[in-house]
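Each chain is listed here by its residues.
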Amino acid sequence: MTDVEGPVYEPGHGLLKGRTAVITAAAGAGIGGATARRFLEEGARVLISDAHERRLKEYEAELAAEFEGVAALACDVTDEAQVQTLFGAALRLHGRLDIVVNNAGLGGTSSLVDMSDEQWSRVLDVTLNGTFRCTRAALRAFREGGDGGEGDGGGGQGGHGGVIVNNASVVGWRAQAGQAHYAAAKAGVMALTRCAAVEAAEFGVRVNAVSPSLAMHPHLVKVTTPELLAELTAREAFGRYAEPWEVANVIVFLASGYSSYLTGEVVSVSSQHA
């Protein structure tokens, strides 16, 4: 089966109008950058972050030339102090926080038998521990932020409300050679999402995740062989990889009021979830 005509980029519909968001790993390329643009097109104000400060500033300038309500702050999600600074900046800028997209992750390919402790730990620290640190900071901000108004995306049980969307991966469900560290981290993100959703419901916060397979961007090409990219693409039902903005569209849905009764879910943006 193939997608003959290709995907259509839909215009914004104001789904996130008046909302404020923090998006990690959003320095232009990939899902994070696409999410920032889609959020702005839907009327949100965004604070984008990334560990790569130069690329982050360049993307901030690119977005600011088209949209209002864009700010950027470098943040390494493996550093708790930087995470605290990021979320403090979001509250100072806008007085409240409505949406957090935990997109930061680190991959790599290594057979388990040859993998070093440093390789294992680095991937888990960025991908799983970083998601934990930002989720914790977000939940504290939501819990302590006072009453939210209608359309805040919360589940309606009191508190500030708010939404967290984590970026998982289909390898959290299925095996792929050379990806033991990344698969373990992403499976952990899925479990973290479900547990956080149960705990956060009492103060009106929803926590969900997207689980993409192959969303093409320039950095992926640099770290993946052409043979593996071709193999992964061939597995997809549409016979092509996803555009990063197609994953961002699902993140918009999960961040919006259209998913007001959805929490603790991992939504596959791929046909390769098992």
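As a reminder, the structure under discussion sits directly above these lines.
Structure report, in brief. Since this is a predicted model, take the numbers as computed values, not measurements. For every chain, the first residue of the written sequence is number 1, and numbering continues from 1 onward in sequence order. Whole-chain, interface and lining totals are the exception, using all residues; otherwise, since this is a predicted model, local features are given only for residues with pLDDT of at least 70 and side-chain atom pairs are given and counted only at 80 or more. Just so you know, side-chain values use all the structure's heavy atoms and leave hydrogens and water out.

What follows deals with helix α8 (residues 244–255). Helix numbers and strand numbers start at the N terminus; a helix is a DSSP run of H or I with at least 4 residues, a strand a run of E with at least 2. By this rule, a helix spans an expected 1.5 Å times one less than how many residues it contains. For α8, which comprises twelve residues, the first-to-last C-alpha distance of 17 Å matches the rise-based estimate of 16 Å (1.5 Å per residue) to within 8%. When you tally the buried positions in α8, you get nine out of twelve residues, the bulk of the element. Buried residues along α8 sit against α1 (30–41), β4 (99–102), β5 (162–167), β6 (205–212) and β7 (266–269). Buried, partly exposed and exposed residues are distinguished by accessible area as a fraction of the type maximum, computed with a 1.4 Å probe on protein chains only: under 20%, between the cut-offs, and over 50%, respectively. Contacts between residues were defined by any pair of non-hydrogen atoms, one from each residue, lying within 4.5 Å.

Once that is clear, we can look at unusual backbone geometry. Across residues other than glycine, the phi torsion is negative in most instances, and most of the peptide bonds are trans. Non-glycine residue A25 carries a positive phi angle of around 50 degrees. Its relative accessible area of 22% is what places A25 among the partly exposed residues.

With that out of the way, let us pick up the side chain of T20. Counting through the fold element by element, T20 comes out in strand β1 (residues 20–23). Within 3.5 Å is the distance limit for a polar contact, defined as a pair of N or O atoms, with the added protein rule that one can donate a hydrogen and the other accept it, and that residues adjacent in sequence qualify only through two side-chain atoms. Polar side-chain contacts of T20 include one of 3.0 Å to the backbone oxygen of R96. Apart from the residues within four sequence positions on either side, T20 is in contact with R45, H94, R96, L97, D98 and I99.

A word on the packing of α1 against α8. The axes used here are C-alpha line fits, helices contributing only the stretch in contact, and every angle between their N-to-C directions lies in the interval 0 to 180 degrees. Contact geometry for α1 and α8: axes closest at 8 Å, N-to-C directions at 55 degrees. When the axis of α1 is compared with that of α8, the two are oblique. Handedness of the α1/α8 crossing: right-handed. Together, G30, I31, A34, T35, R38 and F39 of α1 and P244, W245, V247, A248, N249, I251, V252 and A255 of α8 make up the contact between the two elements. When its residues are assigned to classes, the contact of α1 with α8 shows ten nonpolar, three polar and one charged. For classification purposes, an angle smaller than 35 degrees is called roughly parallel, one larger than 145 roughly antiparallel, one from 65 to 115 roughly perpendicular, and anything else oblique. Left-handed describes a crossing in which the near helix is turned anticlockwise from the far one by less than a right angle; the clockwise case is right-handed. Each residue gets one label: Ala, Val, Leu, Ile, Met, Phe, Trp, Tyr, Cys and Pro are nonpolar, Asp, Glu, Lys and Arg are charged, and the others, such as Gly, are polar.

Looking now at α1. In this model α1 runs 17 Å from its N-terminal to its C-terminal C-alpha over twelve residues, within 8% of the 16 Å that 1.5 Å per residue would give. The buried fraction of α1 amounts to eleven of the twelve residues, a majority that puts the element mostly inside the structure. For α1, the complete set of buried residues consists of G30, I31, G32, G33, A34, T35, A36, R37, R38, F39 and L40. Two residues or fewer past α1, G43 is found with a positive phi of approximately 95 degrees.

On to the sheet that holds β6, then. Reading across from one edge, β3-β2-β1-β4-β5-β6-β7 is the order of the seven strands in this open sheet, with parallel pairing throughout. Only two strands of the sheet have a single partner each, and these edge strands are β3 (70–72) and β7. The sheet shows a mean angle of 20 degrees between the axes of neighbouring strands, direction not considered. Strands pair, by our definition, only if DSSP identifies at least two bridges between them. Sheet topology note: the β6/β7 ladder contains four bridges and is parallel. Looking across to β7, one finds that S211 is bridged to S268.

This paragraph deals with the pairing of β6. Along β6, eight of the eight residues are buried, which leaves the element largely enclosed by surrounding structure. Here β6 shows two buried faces, one formed by V205, V207, A209 and S211 and the other by R206, N208, V210 and P212. Of the pairings in the sheet, the one linking β5 to β6 comprises six bridges and is parallel in character. Note on β6: the bridge partner recorded for N166 is A209. Once the chain exits β5 it traverses helix α5 (residues 180–200) before rejoining the sheet at β6, and the crossover so formed is right-handed. Note on handedness: a crossover is taken as right-handed if, strands pointing away from the viewer, the path from the first strand over the helix to the second is clockwise.

Residues belong to one nonpolar core when they are buried, are Ala, Val, Leu, Ile, Met, Phe, Trp, Tyr or Cys, and are joined through side-chain atoms within 4.5 Å. Residues F39, V46, I48, L63 and I251 are the most contacted members of the largest nonpolar core, which totals 31 residues. Going through the elements one at a time, β1, α1, β2 (45–48), α2 (53–64), β3, β4, β5 and α8 are the ones with two or more residues in this core. Top contributing element to this core by residue count: α8, with five residues. Setting aside chain neighbours within four positions, we find I48 in contact with I23, A26, A36, L56, Y59, E60, L63, A71, A72 and L73. Among the nonpolar cores identified, the runner-up in size contains 27 residues, and V83, A137, F142 and A197 belong to it.

Moving on, we get to the pattern of salt bridges. When their charged atoms lie close together, side chains carrying opposite charge are able to pair. Each salt bridge in this description consists of a side-chain nitrogen of Lys or Arg and a carboxyl oxygen of Asp or Glu lying within 4 Å of one another. All told, the structure shown has nine salt bridges when counted by the stated rule. In this structure, R37 and E66 form a salt bridge, with 3.0 Å as the shortest nitrogen-oxygen distance. Taken as a pair, R37 in helix α1 and E66 in the loop between α2 and β3 lie far apart in primary sequence, 29 residues in all. The residue E41 makes a salt bridge to R38 at a minimum N-O spacing of 2.9 Å. One end of the pair is E41 and the other is R38, both in helix α1 and three residues apart, which spans about a single turn.

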